[in-house]
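# Residue-level structural notes
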Amino acid sequence: MLLRRMGPVLLPYVSMGAYSGEAAQVVKQFGDVEFSEKTTRHSDTQFDELIHKQRWVFPTDYVLAIPVDKEDELKMLDSPLSPYAEAGRLAYGKKIDDIIIPSFFASAQTGKNGATPTVYDTNNTVEVNLPTGADRGLTIEKLRKARRLMLQKHIDLKAEQPYIGVTAVQLDDLLANTTVTSADYNSVKALVNGEIDTFLGFKFVHNEGFEVDANADRKCPVWVKSGIHFAQWNGLVTRIGDRADKNYLTQIHMSFSGAATRVNEDKVFQILCAE
């Protein structure tokens, strides 16, 4: 098999749900309530309403069809090692990442019928020029600010592991950062070498498919697992059969349905990094 971007890389780091039916499904959100002081004896009950919102995911169907018409290749179809089966599995994994990646910063659908778009909160962005005049790639200071923003949003980082999505360029940025102490440098070197996968509390998730903005700066997502939801209506379905309309060549047909959404605006952040 030729080299390609592998997947699914992101699936273990997001929440998941299995759904059925044709209608859009909902991820429910519940707001905060607060105790009030009781100042009068035998007073009437005062209700504090629990705010709840609905976050919707709309299923999209995906298909892949591969024709096979050579006898020697037909003999391999039943083998799990068949290059056709492997190509299909690789395409399936990559497509799941391609569904999840845009959901970090795309508009999410809320409201009674999912008709209200909720945009990404740009206040959760660590700008590319932080600190001013310094390296515009991934820096220790940017990581520290992202962690600070998460704590200020009341995310319990002891209960939820924070993740950061990076490409190879961002990993190299950390190695080239002259502000890193010798101890930090050793940790970053181990991170780049694959010996560890965490630094400053963040678990690094490498994927070369993360989006770039209009300035070609990489939009590195920072999130916790409960902040992104992947919905699947059915897993990968594979059918192998003859096509009478194609001189009875054998067709491998694969399909699945899925979608992803940002569940909570204050659980998803981004670090902009020049490359």
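As a starting point, this report considers the structure included with it. (Residues numbered from 1 in each chain as written. Predicted model: local features only at pLDDT ≥ 70, side-chain atom pairs only at ≥ 80, totals over all residues. Heavy atoms only, no water.)

What follows covers the pattern of salt bridges. Following the criterion strictly, the structure yields 9 salt bridges and no others. Across the salt bridge formed by Glu 160 and Lys 267, the nearest N and O atoms sit 3.7 Å from each other. One end of the pair, Glu 160, is in the loop between α3 (140–152) and β8 (162–166); the other, Lys 267, is in the loop between β13 (249–262) and β14 (268–273), with 107 residues separating them in the sequence. Taking relative accessible area as the criterion, Lys 267 reaches 21% and is therefore assigned partly exposed. In this structure, Lys 203 and Asp 197 form a salt bridge, with 2.3 Å as the shortest nitrogen-oxygen distance. Residue Lys 203 is classed as buried on the basis of its relative accessible area, which comes to 17%. Three or more residues are tied together by salt bridges with common partners; here these are Arg 55, Arg 262 and Glu 265. (Salt bridge = Lys/Arg side-chain N within 4 Å of Asp/Glu carboxyl O. Helix = DSSP H or I, 4+ residues; strand = E, 2+ residues; numbered from the N terminus. Buried < 20%, exposed > 50% of the residue type's maximum accessible area, 1.4 Å probe, protein only.)

Time to look at the sheet that holds strand β9 (residues 198–199). Pairing within the open sheet is mixed, and its 6 strands lie in the order β7-β14-β11-β8-β10-β9. Looking at which strands have only one partner, the edges of the open sheet turn out to be β7 (125–126) and β9. Two elements, strand β11 (residues 218–224) and β14, share 6 bridges in a ladder whose sense is antiparallel. Bridge pairing in β14 places Cys 220 opposite Ile 271. Strand contacts of α3: β7, β8, β9, β10 (202–206), β11 and β14, with the helix running at about 165° to β14, the strand carrying the most contacts. Its contacts with the sheet place helix α4 (residues 168–176) against β8, β10, β11 and β14, and it is angled at close to 135° to β10. (Pairing = 2+ DSSP bridges. Contact = heavy atoms within 4.5 Å. Axes fitted to C-alpha atoms, helices over the stretch in contact; angles between N-to-C directions.)

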